[in-house]
Amino acid sequence: MKKTFLLASLLLILIVILALKQENTPSWTRYQRDYFTEQISKLQVQLGTINDSTKKNQLQQELASYQTRKPEIINLVLPNGKVERCKTCHIGIEEISNSHPSNTFGCAVCHGGNPLSLDKTTAHAQMYGGGHPGSLDVASLSCGGTGANGVACHTGNHEQAKNEVDLVKTSIMSTKAGELSVVRMMFGFDKTKDVPGLTKGQVGFLYPNPLQGRPNEKDFQQNCLSQCHQSGGDIPTPIATKNPHPEVTQGKVQAESKAIQGNGCEVCHVLTNPTHTYIGADTTMKSSNIGRGKVHSLTTQIPYTQCNQCHNQGNHDPLKMSFAIRSDMTKVVNDWKAGDTNWLDRLKDYYLPGEIFAQCEVSLDCIDCHTRQDVMGDNKLYTSQYDAVHLQCQDCHGTKEKLPQTKIIKDTNDLAFEEQITNSKFPELKIGNEILMTAKGEELPFTRHQGNDWVQSSRVTGKTFKIPLVYGSKCQQSLMEQGADSCHKCHNRSASHP
Ligand code: HEC
Ligand code: HEC
Ligand code: HEC
Ligand code: HEC
Ligand code: HEC
Ligand code: HEC
Ligand code: HEC
């Protein structure tokens, strides 16, 4: 009897001690242990596939170091002496990019928050834009902030082209001014395509009384204006079918898109997968929601699939004020999931079924053609896509009478060098190289005059293409009809007639 009592008391004490210990174990130790466990199993898998003995040795040492590693507070000391501890929990987070190394930039410069705190709630208080620091409503603080070295980042520079934070807010992709002006003219509210009262950075959805109180105004706001803009617009995601509560009514997809939004800079610069889920090594993000980039990584190599989160997803009906997702969406998503979209996939997936294009409009990626000002704006508030697009077919191909416009690089401060810094696939640019210039004066720095040929390197894949010139060819174009629609009368490939 006495013995059992003693045993029971001992057990009780043990339980209390364990419980107390649990309480005192800070959560960051758990995230770190999870991270070590994950690294260990990854290394074990890797070891099973490797034969090279030096490599094997190296991996075994790495493995041993994780097996004995104890969680500890991670103090990131920045060049200005400030200390940040975010990585104590976010131990596995990827480096965001080569031009923003974490040991000089830290985390708070982009994210805000309280970098000394080891408590989740306090650490995250006043973070810019939650998990999306590039959202246009906070981008002036994050991307437009001042670096640890005191240098202004993506705003406040002498050169306008480097103030992306200000430019993007004027882009028609942020304001949806094109959609507003077309529909308002169609209903007779405006005689010209000007949109009265449109302001920079304004979200299309918040434009007051777009249809002056007509019964279909609400549908216009909900199904058209709220979608696909870069200032927090819903993205018409194809994964709505996976949603346990899909509110898909009459071809309208509304439900899941609540969670997935176009968040300013990252909607282009942080690549996503079709499920919009994070698959990186940060163990705190394991149970995270959808609506994230694939990994913590910024890029300027933006493939067409990223642009097509918004573009070519379906059709807006301006009379019914509804959006219908394209009928072959399942195939499009499956090809994207498979990872490697080949030529036949591209032919079918790139544009909506039935659309007509020339070969280059599919073999190249969107950003191999569309210039910096086309995608990030030029500080003017355009109200039609036609005015906003700077690029023309003749910028690369010339006409029957003219070769395309060119420029010889003479100065190392030339804007053309800018992209070389951020893009590893970029063809090396040297003083004396001859590149193409658009009629509107923008450089196409990824083109080169090589011997008698013009060669273009894809900014996304690095693949090279020879640009055929119209001058001296058998092309039957008319000099006066240089718009893409005119070219497509003859150069009329489509998914069904490639
Ligand atoms: C150059 C700016 C920049 C820096 C520096 C930066 N981040 Fe981020 N971070 C971003 C952007 C942009 C996103 C949004 C990605 C998205 O939309 O999926 C992000 C997202 C995240 C996420 C959510 C997971 C994800 O990838 O979506 C975490 C966690 C995070 N950052 C932690 C950190 C930590 C910790 C540091 C410091 C070691 C850091 N970040 C440094 C820009 C930055
Ligand atoms: C005590 C641990 C802890 C610390 C310290 C911490 N975080 Fe987090 N963080 C988390 C966890 C856990 C999540 C996952 C989301 C959640 O559970 O709220 C997260 C999520 C995030 C996200 C995504 C948020 C979202 O809503 O999508 C970002 C961005 C982020 N953290 C950045 C930071 C930055 C920057 C710091 C430093 C200033 C920091 N974190 C410090 C634990 C921490
Ligand atoms: C968040 C959604 C979204 C993403 C992502 C997106 N776009 Fe757009 N884009 C739009 C919308 C919406 C319009 C039309 C706005 C209007 O007419 O009011 C547009 C218009 C355009 C235009 C014509 C107007 C202009 O500014 O030149 C081009 C070109 C364009 N997008 C290219 C791209 C490229 C290239 C990418 C990828 C790098 C991309 N878009 C990614 C939503 C998006
Ligand atoms: C619609 C897609 C899109 C959005 C949104 C976008 N960018 Fe870009 N960005 C691009 C493309 C494409 C390039 C490469 C363009 C080039 O250099 O001609 C680029 C290049 C850049 C560069 C590198 C300079 C260079 O030329 O390589 C910086 C810096 C940049 N963007 C910052 C931003 C910031 C900050 C935001 C948010 C305020 C933003 N971008 C939003 C598409 C986008
Ligand atoms: C071979 C170069 C090329 C490629 C690749 C390309 N575009 Fe274009 N795009 C153009 C040209 C040139 C125009 C101007 C057309 C004209 O003359 O009217 C244009 C016009 C546009 C417009 C304005 C509306 C319209 O249809 O005329 C949008 C939006 C657009 N492109 C988006 C995209 C997106 C998104 C991608 C990738 C999915 C893409 N483009 C790929 C060359 C290209
Ligand atoms: C940024 C430069 C660039 C722009 C802008 C451009 N192209 Fe091309 N074009 C190319 C390249 C590169 C090739 C070779 C493509 C290949 O080999 O797949 C090409 C090939 C072609 C060809 C010959 C192949 C075929 O389709 O039979 C035609 C025709 C053509 N382009 C028409 C157009 C039209 C129409 C436009 C405007 C909508 C346009 N291009 C805009 C670069 C461009
Ligand atoms: C009336 C029909 C017609 C129209 C309109 C037309 N083309 Fe052509 N194009 C042709 C024919 C035919 C060829 C010669 C094809 C061949 O040699 O196989 C050609 C050749 C070309 C080539 C050279 C292809 C090569 O492989 O050498 C380019 C580039 C081109 N066209 C671009 C354009 C552009 C850009 C436009 C619009 C401004 C345009 N074309 C409008 C009929 C047309």
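This structure is a prediction, so every number in the text was calculated from the model and none was measured.

Novice: Before we move on, can you summarise the nonpolar core with the specific residues and values?
Specialist: Of all hydrophobic cores here, the largest spans 15 residues; its most connected members are Leu180, Val183, Leu211, Phe220 and Met321. Breaking this core down by element, the ones donating at least two residues are helix H9 (177-186) and helix H10 (217-225). The contacts of Leu180, once residues within four sequence positions are left out, are Thr175, Val195, Leu198, Tyr207, Pro210, Phe220 and Leu225.

Novice: I'd like to hear about the coordination of the iron atom of ligand 5, residue by residue, with values.
Specialist: Protein coordination of the iron atom of ligand 5 rests on one atom only, His370 (NE2), at 2.0 Å. Residue placement: His370 occurs in the loop between helix H16 (366-369) and helix H17 (372-376).

Novice: Tell me about the site of ligand 3, and please be specific about residues and values.
Specialist: Taken together, the neighbourhood of ligand 3 is formed by 23 residues, with Met173, Cys228, Cys307, Cys310 and His311 sitting nearest. Backbone polar atom of Glu179 to an oxygen atom of ligand 3: 2.9 Å apart, as the coordinates give it. A distance of 2.8 Å is found between a nitrogen atom of ligand 3 and a side-chain nitrogen or oxygen belonging to His311. Secondary-structure elements contributing two or more residues to the shell around ligand 3 are helix H8 (172-175), H9, helix H11 (266-269), H16, H17 and helix H18 (385-388). The dominant element in the shell around ligand 3, judged by the number of residues it contributes, is H9, at three residues. In terms of residue class, the shell around ligand 3 is made up of 14 nonpolar, six polar and three charged.

Novice: Could you give an account of the pattern of salt bridges, naming the residues involved and the relevant values?
Specialist: Scanning all chains against the criterion turns up 17 salt bridges. For Lys407, the salt bridge goes to Glu443, with nearest N and O atoms at 2.4 Å. With Lys407 in strand S7 (residues 406-408) and Glu443 in strand S9 (residues 443-444), this pair connects stretches of sequence that are 36 residues apart. Across the pair Lys466 and Asp453 runs a salt bridge whose closest N-O atoms are separated by 3.8 Å. Of this pair, Lys466 sits in strand S12 (residues 464-466) while Asp453 sits in strand S11 (residues 453-457), and the two are 13 residues apart along the sequence.

Novice: Which residues make up the sheet that holds strand S10 (residues 447-450), and what are the values?
Specialist: Read across the open sheet, the three strands follow the order S10-S11-S12; overall the sheet is antiparallel. Each edge of the sheet is formed by a strand with only one pairing partner; in this case those strands are S10 and S12. Recorded for the sheet is a direction-independent mean angle of 30° between the axes of neighbouring strands. By the bridge criterion, four bridges tie S10 to S11 in an arrangement that is antiparallel. Opposite His449, over in S11, you have Trp454 as the bridge partner.

Novice: Please give an account of the site of ligand 4 that cites residues and values.
Specialist: Around ligand 4, a shell composed of 21 residues is seen, among which Cys265, Cys268, His269, Met376 and Arg459 lie nearest. For ligand 4, an oxygen atom lies 3.2 Å from a polar atom in the side chain of Thr422. In the environment of ligand 4, an oxygen atom lies 2.8 Å from a nitrogen or oxygen atom belonging to the side chain of Arg459. Taken together, the elements giving at least two residues each to the shell around ligand 4 come down to helix H7 (164-170), H11, H17 and helix H20 (418-422). The class makeup of the residues in the shell around ligand 4 is ten nonpolar, six polar and five charged. When residues of the shell around ligand 4 are sorted by domain, at least three fall in each of domain 2 (166-376) and domain 3 (393-482).

Each value, and the rule that gives it
- Residues numbered from 1 in each chain as written.
- Chains lettered and ligands numbered in written order.
- Predicted model: local features only at pLDDT ≥ 70, side-chain atom pairs only at ≥ 80, totals over all residues.
- Heavy atoms only, no water.
- Core = buried A, V, L, I, M, F, W, Y, C linked by side-chain atoms within 4.5 Å.
- Buried < 20%, exposed > 50% of the residue type's maximum accessible area, 1.4 Å probe, protein only.
- Helix = DSSP H or I, 4+ residues; strand = E, 2+ residues; numbered from the N terminus.
- Contact = heavy atoms within 4.5 Å.
- Donors = N, O, S within 2.8 Å, 3.2 Å for Na, K, Ca; no water.
- Near = heavy atom within 4 Å.
- Polar contact = N/O pair within 3.5 Å; in protein donor to acceptor, adjacent residues only side chain to side chain.
- Nonpolar A, V, L, I, M, F, W, Y, C, P; charged D, E, K, R; others polar.
- Salt bridge = Lys/Arg side-chain N within 4 Å of Asp/Glu carboxyl O.
- Pairing = 2+ DSSP bridges.
- Axes fitted to C-alpha atoms, helices over the stretch in contact; angles between N-to-C directions.
- Domains from an automatic or database assignment.

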